[in-house]
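# Descriptive analysis of the structure
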Amino acid sequence: MEEREVVVIGAGPAGLSAALEAARSGAHVLLVDENSKPGGQLFKQIHKFFGSRDHRAGVRGIDIGTQLLEEADALKIEVWLDAEVCGIFNQRDVWIVRNKEKSVNVRAQRIIIATGAVENSVNFPGWSLPGVMGAGAAQTMINLHRVLPGYKVLMVGSGNVGVIVSYQLLQAGADVKAIVEAAPRLGGYGVHTAKVRRAGVPFHTSHTVLEARGNDHVESATIVQIDDKWQPIPGTEKVLDVDTICIAAGLTPLVELAFAAGCEPLYSPLLGGMVPWHDASMRTSIPSIYIAGDISGVEEASTAMEEGRMAGLSAAHSLGYVAEHVYEEGFKAAEQRMLALRSGLFGQKRRDAKAAIMAQTRG
């Protein structure tokens, strides 16, 4: 049995930020990720962030990821890659399989789970054909592996992921034939939607995919208008010549590890579904376990990084590494930055959803 002070599970924006904050405070941190490279979603985000200077407005996600990795290297944070966390037992014992061959048990004084989220799927006849994929998978192919997933693309979903990936597909040389949205209104920020509109991509609101057709891959897609009861309207079908259908239908928090460990679950539809209960410090119902990022509710990379900082600082404080006044000042600053992110039309709803989670009494 190996021992570490803080084990952070997940090396995406939330996990990296948590590890950095805990390490800066003086804690010995082990950062674990199942992938061969750290950084998570940041290295798929070639677009510039916007907002305030505090949230690195004008900096591309890939550059933010590089900065975080450089900081982790400078702090000499221990990193295990190709390492799968298979379970958390007795509230502190982390079972890790390294390189698919070596099983290791690590006893941690504090655990921070930052496992992120998984893409939702949309089922329709032909949805299992090669060429139907999540928008995040397409983004990984073009931005990480430099592989075009298809030449003629239909995007399903007009939220930020749908329109951002559509624009990146256009940049990579694909022809985005259309974006369909089941809701009567577009879901993404205007700044992203406008770029795709200017590129000539048509949007079809109150539409969905009726079916995909093809032999050994997607060769066409039929879209259809839906009524206010989400039912197809006969006679409104349109057949599109596409070889790829990307699904951007939201994300679901990856909570299995936390729930199997015994963390109390709560349901929050605005934040993606089932999430672990947590307080303002990001501590769950198990005192030794903290969470950060999309596992605590699906939001954005900037929010995930702030939650990571809060979790890392709180974990280090609970171990006695941070003086009370230093902790209070640092946490208050993080809360103010978070308040800026959770404001406005979209942010206020997430802010209210988070407040509702923290207001509930643990069972």
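The preceding data block contains the structure.
On a predicted model such as this, the values are computed, not experimentally measured, just so you know.

Thresholds, definitions, all that
- Residues numbered from 1 in each chain as written.
- Predicted model: local features only at pLDDT ≥ 70, side-chain atom pairs only at ≥ 80, totals over all residues.
- Heavy atoms only, no water.
- Axes fitted to C-alpha atoms, helices over the stretch in contact; angles between N-to-C directions.
- Helix = DSSP H or I, 4+ residues; strand = E, 2+ residues; numbered from the N terminus.
- Parallel < 35°, antiparallel > 145°, perpendicular 65-115°, else oblique.
- Left-handed = near helix turned anticlockwise from the far one by under 90°.
- Contact = heavy atoms within 4.5 Å.
- Nonpolar A, V, L, I, M, F, W, Y, C, P; charged D, E, K, R; others polar.
- Salt bridge = Lys/Arg side-chain N within 4 Å of Asp/Glu carboxyl O.
- Buried < 20%, exposed > 50% of the residue type's maximum accessible area, 1.4 Å probe, protein only.
- Phe/Tyr/Trp six-rings, centres within 6.5 Å; stacked < 30°, edge-to-face > 60°.
- Pairing = 2+ DSSP bridges.
- Core = buried A, V, L, I, M, F, W, Y, C linked by side-chain atoms within 4.5 Å.
- Expected span 1.5 Å × (residues − 1).
- Arc of directions from axis to C-beta.
- Polar contact = N/O pair within 3.5 Å; in protein donor to acceptor, adjacent residues only side chain to side chain.

Close contact between helix H4 (residues 160-172) and helix H5 (residues 190-198) brings their axes to 9 Å; oriented N to C, the two are set at 40°. Relative to H5, the element H4 is oriented oblique. As H4 packs across H5, the resulting crossing turns out to be left-handed. Together, Asn 160, Val 163, Ile 164, Ser 166 and Tyr 167 of H4 and His 192, Thr 193, Lys 195 and Val 196 of H5 make up the contact between the two elements. For the contact of H4 with H5, the per-class residue count stands at four nonpolar, four polar and one charged.

Once their charged atoms are close, side chains differing in charge can pair, the charge on each being opposite to the other. A complete count under the given rule lists 16 salt bridges for this structure. With a shortest N-O distance of 3.4 Å, Glu 21 and Arg 24 are connected by a salt bridge. Residue Glu 21 and its partner Arg 24 are located together in helix H1 (residues 13-24), separated by three residues, close to a single helical turn. A relative accessible area of 17% places Glu 21 in the buried class. Counted as one network, the salt bridges with shared partners bring together Glu 299, Glu 307, Arg 342, Arg 350 and Lys 354.

Turning to the packing of aromatic side chains, a few remarks are in order. Tallied over the full model, the rule gives one aromatic pair. Between Tyr 327 and Phe 331, the aromatic rings sit 5.5 Å apart at their centres with planes inclined by 40°, giving tilted as the arrangement. Taken together, the residues Tyr 327 and Phe 331, both in helix H8 (residues 324-341) and four residues apart, mark about one turn of the helix. By relative accessible area, Tyr 327 is classed as buried at 12%.

Ordered in space as S12-S13-S14, the three strands form an open sheet in which the pairing is antiparallel. If you trace the sheet from one side to the other, it starts and ends with strand S12 (207-213) and strand S14 (238-240), each paired once. Between one strand axis and the next, the sheet turns by 30° as a mean value, whatever way the strands run. By the bridge criterion, three bridges tie strand S13 (residues 220-225) to S14 in an arrangement that is antiparallel.

Okay, the nonpolar core next. In this structure, Ile 9, Val 29 and Ile 113 are the most contacted members of the largest nonpolar core, which totals 61 residues. Membership of the second largest hydrophobic core comes to 17 residues, among which are Ala 135, Val 163, Ala 174 and Ile 179.

Here helix H2 (residues 61-74) spans 20 Å end to end across 14 residues, near enough to the 20 Å set by a 1.5 Å rise per residue. Along H2, the residues that are buried comprise Gly 61, Ile 64, Gly 65, Leu 68 and Ala 72. Seen along its axis, H2 keeps its buried residues to an arc of 100°; they face one direction. Those residues of H2 that are exposed and aimed more than 90 degrees away from the buried face are Glu 70, Asp 73 and Ala 74. Next to the buried residues of H2 lie H1 and helix H7 (301-318). Of the residues one or two after H2, Lys 76 is the one with positive phi, at around 60°.

Quick look at the environment of Ser 314 now. Position of Ser 314 among the secondary structure elements: in helix H7. For the pair Ser 314 and Ile 245, spaced 69 residues apart in the sequence, the C-alpha separation amounts to 43 Å. Filtering out sequence-adjacent residues up to four positions away, Ser 314 remains in contact with Ser 281, Tyr 290, Tyr 327 and Phe 331. A distance of 3.2 Å separates a polar atom in the side chain of Ser 314 from the backbone oxygen of Ser 281.

Turning next to the sheet that holds strand S11 (residues 203-205). As a general point, the strands of a sheet are linked pairwise by backbone hydrogen bonds and lie either parallel or antiparallel. The five strands are arranged S8-S15-S9-S10-S11 in an open sheet whose pairing can be described as parallel. Unpaired on one side and paired on the other, strand S8 (132-134) and S11 mark the two borders of the sheet. Ignoring which end each strand starts from, the neighbouring axes of this sheet average 20° apart.

Turning our attention to unusual backbone geometry. Even without being a glycine, Lys 100 presents a positive backbone phi close to 60°. Within the secondary structure layout, Lys 100 lies in the loop between strand S5 (93-98) and strand S6 (102-113). On the basis of relative accessible area, Lys 100 is assigned to the exposed category, the value being 69%. A positive phi angle, close to 50°, is found at Ser 206, a residue other than glycine. As for its position among the elements, Ser 206 is in the loop between S11 and S12. On the accessibility criterion, Ser 206 (18% relative accessible area) is buried.

To continue, consider H8. Because each turn of an α-helix spans 3.6 residues, side chains separated by three or four positions in sequence point in the same direction. The terminal C-alpha atoms of H8, which comprises 18 residues, lie 26 Å apart, in line with the 26 Å expected from a rise of 1.5 Å per residue. For H8, every residue scored as buried is listed here: Tyr 327, Phe 331, Ala 334, Met 338 and Leu 341. All buried residues of H8 fall inside an arc of 60° around its axis, so they share one side. Facing away from the buried side of H8, by more than 90 degrees, are the exposed residues Glu 329 and Lys 332.

Purely geometric numbers; function is a separate question.
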